[in-house]
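Observations on the three-dimensional arrangement
Listed here are the chains, written in short residue letters.
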Amino acid sequence: MPRIQIELPEQLPFRVELPLYLSHLNAAGHLDNALLLTLVSETRARFFKALGYKESNVEGVGVILADAAVQYRSEAFHGETMVVAMGVDDFNKYGCDLPWRMSDRDSGREIACGKSGIVFFDYQARRIAPLPAAFRQRAQAYPATS
């Protein structure tokens, strides 16, 4: 089976720094692959906050994760600070992709990259919902949305 290849957009305008705690490590002493995704989820929540939203309320609808793809590049260790950069790409009728890259702040070493596919969801009707136009405008204008 061929390896996943993820092409990131040139610009990933949102950035957050997240320290690695002992609880992020696996038995081998490096960042656990599953817990890496919790750092990406934290970044996504902060990105939505920077846009003026909560993931549970984006213009009256919520967000759910439709898919995720990851390419692991190198190990990360306790005490390092990850810089996670995120952007928005590939809009469609019901959602978009949130491409991201994770690097060590001090060395610049790339730890992983990937994308999270999201769709908007109407929790009252229990079905997917159209992508809110205002979200698209804010996301595409970021960081000038403040």
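In case you missed it, the structure is sitting above this.
Let me begin by describing the structure that accompanies this report. What you see is a predicted model, and the numbers here were worked out from it, not measured in a lab.

The topology assignment puts Glu-7 in the segment before strand S1 (14-19). Under the relative-accessibility criterion, Glu-7 is labelled exposed at 75%. Between the C-alpha atom of Glu-7 and that of Pro-99, which follows or precedes it by 92 residues, the distance is 8.8 Å.

A few words now on the nonpolar core. Among the nonpolar cores identified, the biggest contains 34 residues, and Leu-36, Trp-100, Met-102 and Phe-135 are the most heavily contacted of them. Counting residues per element, the ones that place at least two in this core are S1, helix H1 (33-50), strand S2 (62-72), strand S3 (81-86), strand S4 (95-104), strand S5 (110-122) and helix H2 (133-141). When residues of this core are assigned to their parent elements, the largest contribution, five residues, is made by H1. Not counting the four nearest positions on each side in its chain, Leu-36 is found in contact with Leu-31, Val-70, Tyr-72, Trp-100, Met-102, Ile-111 and Ala-112.

Another point: the pattern of salt bridges. Evaluated as defined, the whole model comprises ten salt bridges. Between Asp-106 and Arg-105 there is a salt bridge, and its shortest N-O distance comes to 3.1 Å. A relative accessible area of 62% places Asp-106 in the exposed class. Classification of Arg-105 by relative accessible area gives partly exposed; the value is 40%. Taken together, the shared-partner salt bridges in this structure form one network comprising Glu-17, Arg-105 and Asp-106.

Let's shift gears to unusual backbone geometry. The omega torsion across Tyr-142 and Pro-143 is 15°, close enough to zero to call that bond cis. Relative to the elements of secondary structure, Pro-143 occurs in the segment after H2. In this structure, Asp-90 is a non-glycine residue whose phi angle is positive, near 55°. Phi is positive for Arg-126, close to 60°, though the residue is something other than glycine. Relative to the elements of secondary structure, Arg-126 occurs in the loop between S5 and strand S6 (127-129). Arg-126 gets classed as exposed once you look at its relative accessible area, which sits at 58%.

Conventions adopted
- Residues numbered from 1 in each chain as written.
- Predicted model: local features only at pLDDT ≥ 70, side-chain atom pairs only at ≥ 80, totals over all residues.
- Heavy atoms only, no water.
- Helix = DSSP H or I, 4+ residues; strand = E, 2+ residues; numbered from the N terminus.
- Buried < 20%, exposed > 50% of the residue type's maximum accessible area, 1.4 Å probe, protein only.
- Core = buried A, V, L, I, M, F, W, Y, C linked by side-chain atoms within 4.5 Å.
- Contact = heavy atoms within 4.5 Å.
- Salt bridge = Lys/Arg side-chain N within 4 Å of Asp/Glu carboxyl O.

That is the geometry; function is a separate question.
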